[in-house]
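So you can see what is in the structure, the chains are spelled out below.
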2 protein chains.
Amino acid sequence: MREVVVIGVGMTPFGKFLDRSLKSLAAEAVQAAANDAGIGLRDLQAAFVGSAVAGLMTGQECIRGQVVLRAMGLGGIPVTNVENACATASTAFHGAWIAVAAGLYDVVLALGMEKLYHEDRQRSFAALAGAIDVEAEAASPGEAGQPQRSLFMDHYAGKAREHMRQYGTTREQIARVAVKNHTNARLNPYAQYRTPRTLEEVLSARIIADPLTLPMCSPLGDGAAAVILASGDFARRRGRATIRVAASVLRSGEDHGADEPGLVERAARAAYEMAGLGARDLDLVEVHDAAASAELIIYEDLGLCPKGDGGPFVDSGQTALGGKVPVNPGGGLLARGHPVGATGLAQIAEVVWQLRGEAGDRQVARARVGMTQNAGGVLRGEEAASCIHILAR
Amino acid sequence: MREVVVIGVGMTPFGKFLDRSLKSLAAEAVQAAANDAGIGLRDLQAAFVGSAVAGLMTGQECIRGQVVLRAMGLGGIPVTNVENACATASTAFHGAWIAVAAGLYDVVLALGMEKLYHEDRQRSFAALAGAIDVEAEAASPGEAGQPQRSLFMDHYAGKAREHMRQYGTTREQIARVAVKNHTNARLNPYAQYRTPRTLEEVLSARIIADPLTLPMCSPLGDGAAAVILASGDFARRRGRATIRVAASVLRSGEDHGADEPGLVERAARAAYEMAGLGARDLDLVEVHDAAASAELIIYEDLGLCPKGDGGPFVDSGQTALGGKVPVNPGGGLLARGHPVGATGLAQIAEVVWQLRGEAGDRQVARARVGMTQNAGGVLRGEEAASCIHILAR
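From a predicted model like this one, the values you see are computed outputs, not experimental measurements. (Residues numbered from 1 in each chain as written. Chains lettered and ligands numbered in written order. Predicted model: local features only at pLDDT ≥ 70, side-chain atom pairs only at ≥ 80, totals over all residues. Heavy atoms only, no water.)

Colleague: Residue-level account of the overall build of chain A, with values.
Modeller: When you go through chain A residue by residue, the secondary structure sums to 15 helices and eleven strands. Against the compact-globule benchmark of 21 Å for 393 residues, chain A has a radius of gyration of 19 Å, which places it among compact chains. Expressed along its principal axes, the backbone C-alpha trace of chain A runs to roughly 55 × 50 × 40 Å. Among the 393 residues that make up chain A, the fraction classed as buried is 66%. At a minimum sequence separation of 6, the contacts of chain A that also span at least 24 residues come to 76%. When the accessible surface of chain A is split by element, carbon and sulfur atoms take 47% of a total near 12500 Å². Placing the 39 positive and 43 negative side-chain charges of chain A at their respective mean positions leaves the two points 6 Å apart. (Helix = DSSP H or I, 4+ residues; strand = E, 2+ residues; numbered from the N terminus. Rg over C-alpha atoms; globule rule 2.2 N^0.38 Å. Buried < 20%, exposed > 50% of the residue type's maximum accessible area, 1.4 Å probe, protein only. Contact = heavy atoms within 4.5 Å. Areas by Shrake-Rupley, 256 points an atom, 1.4 Å probe, with all protein chains shown as cover. Lys, Arg positive; Asp, Glu negative; His and termini not counted. Charge placed at Lys NZ, Arg CZ, Asp CG, Glu CD.)

Written as C-alpha cells, this is what we have:
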C-alpha cells in the first residue's frame, strides 16, 4: 500500500445554523481545504462524503455528496456517500485513505457535513435514534414518542455510573473533563461554545442523565469539515507540507467478556501496531467525548493511563494544554461541538493544525504525533463503530 | 493494485415482503454468498453495506450494516455503510474492490439490502424522492404532498419522449424491452415477476408517465444481495472457482454539452479502458432498466449499437436470450425487481452465475465476459451516479 498524506484541511465553525444549507456548509469547508492544500477543486479525483442524520432532518438521502459537490461546480468524479453514525466523518477519511493507498487515485476529498438543529428540537433527538438498533431498542423515529434528549446520554450515563462504582471515579473528575474542554475551546475560533466554565458551574448545571449535567453532554450542532488526502508522491511533486497517515483503523463492536478488551481498546491496539508506535509516542489526542465521562474511559482504552485511573489522570492535569499529552485541545465534542457527520474530520483538522504548528493559542508544543478516536452508534451496550487514526509529521 | 476476484454470490428472491426485516433479508443473502464461496462468516475481514432508502422507511439510519451483521453473529470487522441511491449496491462492491485491491484485506463482503414496500405505498414513493436534489427540486419527503408514483418515472419518460422525437424510436420498441425482460425473468427463480407479458399487454397497460406503461416501469421491491470479493491469491489458496473483476468504475454526473458524451458513456469508456476490452467483447450485460426506455439508450451509451439505434437493436433480437449480446438475462429491474439498495449486487450475482455456467434455463452460451451498469439518483436531468463493472472468467 502506498504512503498517504494529508495536504489540506478546512472546516466551518460549528454551531446552530438554521438558515444555512448542507450545500453552503459543505462548500465553505471544501473550499477552505482546497485553499489550504494549494490545489483547485478540479484536482480532486474522487470524494468520500459523510452525513449521519441529515437525511432524516432534510429529506436529502442517497446522493448527498453529489448534490453538494455539484452545487460548487464539482461534478464527474466518483462520489461514495458513507454513514457510520457519529463515526461517519472518520469513516469517510478511512475510505479516502484506502483509495489513495490502493493507488487508484492521487488526490481524494473526505467531507463530513451535518444539519442537526431543527426548529423542533425533539425532531433532532428523534433522528439520532437512528444510530441504535431501532428494531431491538426503540420504535422508529417516525413513531417514537417525543424524546427530551438524545438516547445516547442514557448510554453514557450508565457507563459513567459503572465507572464510578468500580473505580471510585467522582462527579468532580467527570466535570473536570468538561471544564478542560470548554477552556480549550475558548482558544478555538471554530468552536461552538467559547465561554469557559468553572467546576462549580458544570456540577450545578441541569442534570441530563445522572451523573451527567448539561455541560458534560455534547450539544446538537450544524457544520462541515473537509480533508484532502494525497499520495506521498503527489505531495512531494507539489512541494506541499504534508502530514503522514500512520494508521487508519475501523472496527465494529462485537460480543466479548467483561475482562476482554472492548471496542476502543481493540481498535487502538490495531492502530498502534499499524503505525509501529505506542501510547507514549502521542503528543496530543482528539477523542470522542460525546459525554465528559466517556473521555475518562477512553484515556484508559487508549493506554494513556492504567485501567480505572481516568479520574486521577484528568485531575493530574496531564491531558490539559501544557500537560504531557493534551486531549481535545480543540475543545472536543463537548465544546467545539458535535455536528455528527462532520466531527471525525474536525478532529483530524485539529491534529493536522497542531502537527503543523498552526494551532495558535492552543498550540501543543513540539507536537509530532497525534491521534483521533471517533465512535459511532450503540449496539448491545457498546459503540457500534470505532475509527482511529494516527497522524505524524 | 492487486488482482480481485469474486468468490461467492447470494441473494434473496426479490418481492414484497412486508413481514420480513432488513436483518432477515440480509442474513439470507450473506449466508448464501458465504456458502457459495465455501467460507465461514468468520472469514470475512470487512464489509461494505449499502441501503438507499431503508433509513427513511424503517428509521434505521447510520449503522444499518452493523445492526444486520451483528444480528447474524458477525461483529468486530470494519463496516462502511454506503449510499448512492439506485447505484448503492454497486458502490458497496466498488468499495470492497478497492479495499481488496489495496492489499488491506483478503476477503471482503459487499451487501446491498432494501425495504421499500410499505403498507402506505405513497410513503415508498416519497422516500425515493430523497435521491434527487430535494432543496432544488422538491419539498422534503416529510413535507411533500402525496406522490402517486416515483418522481423518477417522470425523468425517464422525458428522456424516452426525447429519444422518440430525435431518433424515431417507437412505443413498440420500448415495450419490446419490457417483454424481453419479463420473458427472461420467467426463468429466474429470484425474480419478482415471473409471468411473461405480450407486447399487446405491455402497450395496453395503465400509463404511468407517457409513453411508459406500468410494465415498462421498475416496481417497488424488498430484498438483499451479497457478493464476496477476495484477492486472487486467497482464492487460489482455497482452490475456489473465481470470476475476475476486470474493471470497477464509479462516476458522477457533470455539466456537458448535448454533443458530449453523457455519464453512462463516460463511465463505460473508462471501464473498457481499465479492462483492456471493448463492447464487442461482452457476452452479456446487466443494465439499469429502471424504465424500459432507459435500456434502449444504455445500449447506445455502452457502444452495443450506434447512437440512436437502440430501438432497431432490440427489434433485431440481439439482446434477447440466444442473441449476440443478451441484456438483462436475469429479468432486469423491470422484472427481477428493484429493491433499490440491493439491485447492483443482484446484477453482479447474475453475471457471476452466467460466467460460471450456473444460470440454468437462462444460461448464455459460452459466456466469458459480462458487464453490469447501475445508475443512481437524478441531478440536473441526468443520473447522479453511474457504476460499471466488467467481470471475466
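Continuing now.
Colleague: Explain the confidence of the model for chain A residue by residue, including any values.
Modeller: Residues of chain A with pLDDT of at least 70 account for 97%, and the chain-wide mean is 93. Contacts from residues 139–146 of chain A, a stretch scored under 50 in pLDDT, to residues over four places away or in other chains number eight contacts. (pLDDT = per-residue confidence, 0-100.)

Colleague: Just give me the short version of the packing of aromatic side chains, but keep the residues and values in it.
Modeller: Under the definition given, this model contains four aromatic pairs over all chains. Ring centres 5.2 Å apart and planes at 10° place the aromatic pair Tyr190 of chain A and Trp353 of chain A in the stacked group. Pair noted here: Tyr190 of chain A is in the loop between α8 (171–185) and α9 (199–204) and Trp353 of chain A is in helix α15 (residues 343–356), with a separation of 163 residues, a long-range link. Its relative accessible area of 9% is what places Trp353 of chain A among the buried residues. With 5.5 Å between their ring centres and 75° between their planes, Tyr299 of chain B and Phe313 of chain B make a pair best called edge-to-face. With Tyr299 of chain B in helix α12 (residues 292–301) and Phe313 of chain B in helix α13 (residues 310–315), this pair connects stretches of sequence that are 14 residues apart. Its relative accessible area of 0% is what places Tyr299 of chain B among the buried residues. The ring centre of Phe17 of chain A lies 5.9 Å from the NZ or CZ of Arg20 of chain A, which sits over that ring. (Phe/Tyr/Trp six-rings, centres within 6.5 Å; stacked < 30°, edge-to-face > 60°. Lys NZ or Arg CZ within 6 Å of the ring centre and 35° of its normal.)

Colleague: Before we move on, could you go through the interface of chain A and chain B and cite the residues and values that matter?
Modeller: Taken together, the 63 residues of chain A in the interface contact 63 residues of chain B. Here chain A meets chain B over a buried area of about 4900 Å², counting both sides, of which 53% is carbon and sulfur. Contact with chain B buries surface across chain A, with Cys62, Arg70 and Glu83 of chain A losing the most and accounting together for 15% of the total. Counting the contacts that link chain A with chain B gives six salt bridges. Residue Glu83 of chain B is joined to Arg64 of chain A by a salt bridge in which the shortest nitrogen-to-oxygen separation is 2.8 Å. Here chain A is connected to chain B by 22 residue pairs in polar contact (both at pLDDT 80 or more). Breaking the side of chain A that touches chain B down by element, the ones donating at least two residues are α2 (54–58), α3 (64–71), β3 (79–83), α4 (88–102), α6 (134–137), β8 (243–252), β10 (369–379) and β11 (382–392) of chain A. Ranked by residue count, the leading element in the side of chain A that touches chain B is α4 of chain A, at six residues. Considered class by class, the residues forming the side of chain A that touches chain B number 29 nonpolar, 20 polar and 14 charged. Relative to strand β3 (residues 79–83) of chain B, β3 of chain A runs antiparallel, the two sharing three bridges. (Buried area = accessible area lost by both parts, 1.4 Å probe. Salt bridge = Lys/Arg side-chain N within 4 Å of Asp/Glu carboxyl O. Polar contact = N/O pair within 3.5 Å; in protein donor to acceptor, adjacent residues only side chain to side chain. Nonpolar A, V, L, I, M, F, W, Y, C, P; charged D, E, K, R; others polar. Pairing = 2+ DSSP bridges.)

Colleague: Outline the pairing of strand β4 (residues 107–114) of chain B, listing residues and values.
Modeller: Where a strand is regular, its side chains alternate between the two sheet faces. Residue and element names in this part refer to chain B. Counting buried residues in β4 gives eight out of eight residues, a clear majority hidden from the surface. Sheet topology note: the strand β2 (residues 46–50)/β4 ladder contains five bridges and is parallel. Residue pairing in the sheet places Ala46 in a bridge with Val108 of β4. As paired strands, β4 and strand β7 (residues 223–231) are joined by eight bridges and run antiparallel to one another. The residue of β7 that forms the bridge with Val108 is Leu229.

Colleague: Describe the pairing of β11 of chain A, with residues and values.
Modeller: All names here are of chain A. Extensive coverage of β11 is indicated by the burial of eleven of its eleven residues. When β8 meets β11, the two strands line up antiparallel, connected through eight bridges. Following the sheet pairing, Arg244 is matched in β11 by Ala392. In this sheet, β11 lies alongside β10 in antiparallel orientation, the contact comprising ten bridges. Across the sheet, the residue bridging to Val378 is Glu383, located in β11. Linking β10 back to β11 in an antiparallel pair, the connection comprises two residues, with Arg380 at a positive phi of about 50°.

Colleague: Requested: an account of the pattern of salt bridges, with residues and values cited.
Modeller: The full count for this structure, using the stated rule, is 38 salt bridges over all chains. Two residues, Glu254 of chain A and Arg266 of chain A, come together in a salt bridge whose shortest N-O distance is 2.8 Å. Taken as a pair, Glu254 of chain A in the loop between β8 and α11 (263–275) and Arg266 of chain A in helix α11 lie far apart in primary sequence, twelve residues in all. Pair check on accessibility: Glu254 of chain A and Arg266 of chain A agree, each one buried. The partner of Arg362 of chain B in a salt bridge is Glu350 of chain B, with the nearest N and O atoms 2.8 Å apart. Taken together, the residues span a long stretch of sequence, with Arg362 of chain B in the loop between α15 (343–356) and β10 (369–379) and Glu350 of chain B in helix α15 at a distance of twelve residues. When salt bridges that share partners are traced, they join Glu265, Arg269, Asp301 and Lys307 of chain A into one network.

Colleague: Can you explain the environment of Gly168 of chain A? Please cite residues and give values.
Modeller: Residues and elements named next belong to chain A. Of note, Gly168 is situated in the loop between α7 (151–167) and α8. Residues Gly168 and Ala29 lie 139 residues apart in sequence; the distance between their C-alpha atoms is 42 Å. With near-sequence residues (within four places) excluded, Gly168 lies in contact with His163 and Gln173.

Colleague: Residue-level account of α3 of chain A, with values.
Modeller: Burial of α3 of chain A is extensive: seven of the eight residues sit out of reach of the surface. Of all the positions in α3 of chain A, only Arg64, Gly65, Gln66, Val67, Val68, Leu69 and Arg70 of chain A are classed as buried.

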